[in-house]
Amino acid sequence: MKIDLKSIQYAAFSSEETNCYSASLHVNGRKIGTVSNDGRGGCDRFHGDHAAYRAADDWCRANLPKWTGFDGEALDTGLEHHCGTLVDDWLAARHLRSALRTNVVFVHPDDGRLYQVRHRGKPEATICAVERQHPGSNILNSQPFDAALAVYRAGTAP
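So, here's what we can say about the structure. Residue indices follow the written sequence of each chain, beginning from 1 at its first position. It should be noted that, the model being predicted, local features are given only for residues of pLDDT at least 70 and side-chain atom pairs only at 80 or more, the latter also being counted only at that level, while totals for whole chains, interfaces and linings use all residues. Water and hydrogen atoms play no part in the side-chain values, which are based on all heavy atoms of the structure.

### Let's talk about the sheet that holds strand 4 (residues 45-48)
Reasoning step 1: Here, any two strands with at least 2 DSSP bridges between them count as paired. Secondary structure elements are defined from DSSP: runs of H or I of at least 4 residues count as helices, runs of E of at least 2 residues count as strands, and each element is numbered from the N terminus. Spatial ordering of the open sheet is given by 1-2-3-4, a layout of 4 strands whose pairing is antiparallel. This sheet does not close on itself; its edge strands, each paired only once, are strand 1 (3-10) and strand 4. Neighbour to neighbour, the strand axes of the sheet diverge by 25 degrees on average, direction disregarded.
Reasoning step 2: Here 8 bridges tie strand 2 (residues 20-27) to strand 3 (residues 30-38), and the two strands are oriented antiparallel to one another. Note on strand 3: the bridge partner recorded for Tyr21 is Asn37. Note on geometry: axes are lines fitted to C-alpha atoms, helical ones only across the stretch in contact, with angles between N-to-C directions running from 0 to 180 degrees.

Here is the structure:
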């Protein structure tokens, strides 16, 4: 089952305990409704085809990996949790695209941490300087976006 969020609207200023967002929820390419969260730690709200939502929720609980709760208990990944993960993925991709426009982003070979160096309109020269100063660095600007995003997500996970 393919579950997507489209037309995501995100409000950083209202995101307190959870992400404040609104998006259209698509299952197998068909819009089944809208999902939103007010950002104050409460549950998502859904408006639309509730039968399709329940079917997608059941599929998520049966097929997606479990996640660990605060008390160490393994919990099912329901559709609400999956939507939160999709918003997190969307935010990480948006942040990385923004960083790559103005910076050379790389993983330092010694400590494995992410670093950024502003390239001031000369990314190739800055990439050469990073490679010279930090040999063996994994430069995200030189990778396909999906591969760079996977490295970026692994390096910025809380």
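Anyway, onward from the coordinates.
### Regarding the packing of aromatic side chains
Reasoning step 1: Note on ring pairs: Phe, Tyr and Trp rings are taken, using the six-membered ring of Trp, and paired if centres are within 6.5 Å. Classes follow the plane angle, with under 30 degrees stacked, over 60 edge-to-face and the rest tilted. Under the defined criterion, the tally for this structure stands at 2 aromatic pairs.
Reasoning step 2: Ring centres 4.5 Å apart and planes at 35 degrees place the aromatic pair Phe46 and Tyr53 in the tilted group.
Reasoning step 3: Classification of Phe46 by relative accessible area gives buried; the value is 12%. Burial classes follow relative accessibility: with a 1.4 Å probe on protein chains only, a residue under 20% of its type's maximum area counts as buried, one over 50% as exposed, and anything between as partly exposed.

### A few points about the pattern of salt bridges
Reasoning step 1: For this document, the term salt bridge refers to a Lys or Arg side-chain nitrogen within 4 Å of an Asp or Glu carboxyl oxygen. Taken as a whole and judged by the stated rule, the model has 5 salt bridges.
Reasoning step 2: In this structure, Lys2 engages Asp4 in a salt bridge whose closest nitrogen and oxygen atoms are separated by 3.3 Å.
Reasoning step 3: Its relative accessible area of 22% is what places Asp4 among the partly exposed residues.

### Considerations on the nonpolar core
Reasoning step 1: Nonpolar core, defined: a set of buried Ala, Val, Leu, Ile, Met, Phe, Trp, Tyr and Cys residues in which side-chain atoms within 4.5 Å join the residues together. Counting residues in hydrophobic clusters, the biggest one holds 20 residues, and the most contacted among them are Ile3, Leu5, Tyr21, Leu25, Ile32, Leu79 and Cys83.
Reasoning step 2: Those elements giving two or more residues to this core turn out to be strand 1, strand 2, strand 3, helix 1 (50-63) and helix 2 (79-102).
Reasoning step 3: Considering every element that reaches this core, the biggest residue donor is helix 2, with 5 residues.
Reasoning step 4: Other than its neighbours up to four places away in sequence, Leu5 contacts Tyr21, Ala23, Ser24, Leu25, Val35, Cys83, Leu86 and Val87.
Reasoning step 5: Listed in part, the 10 residues of the second largest apolar core include Leu96, Leu140, Ala148 and Leu149. Contacts between residues were defined by any pair of non-hydrogen atoms, one from each residue, lying within 4.5 Å.

These results come straight from atomic positions and should not be treated as a statement about function.
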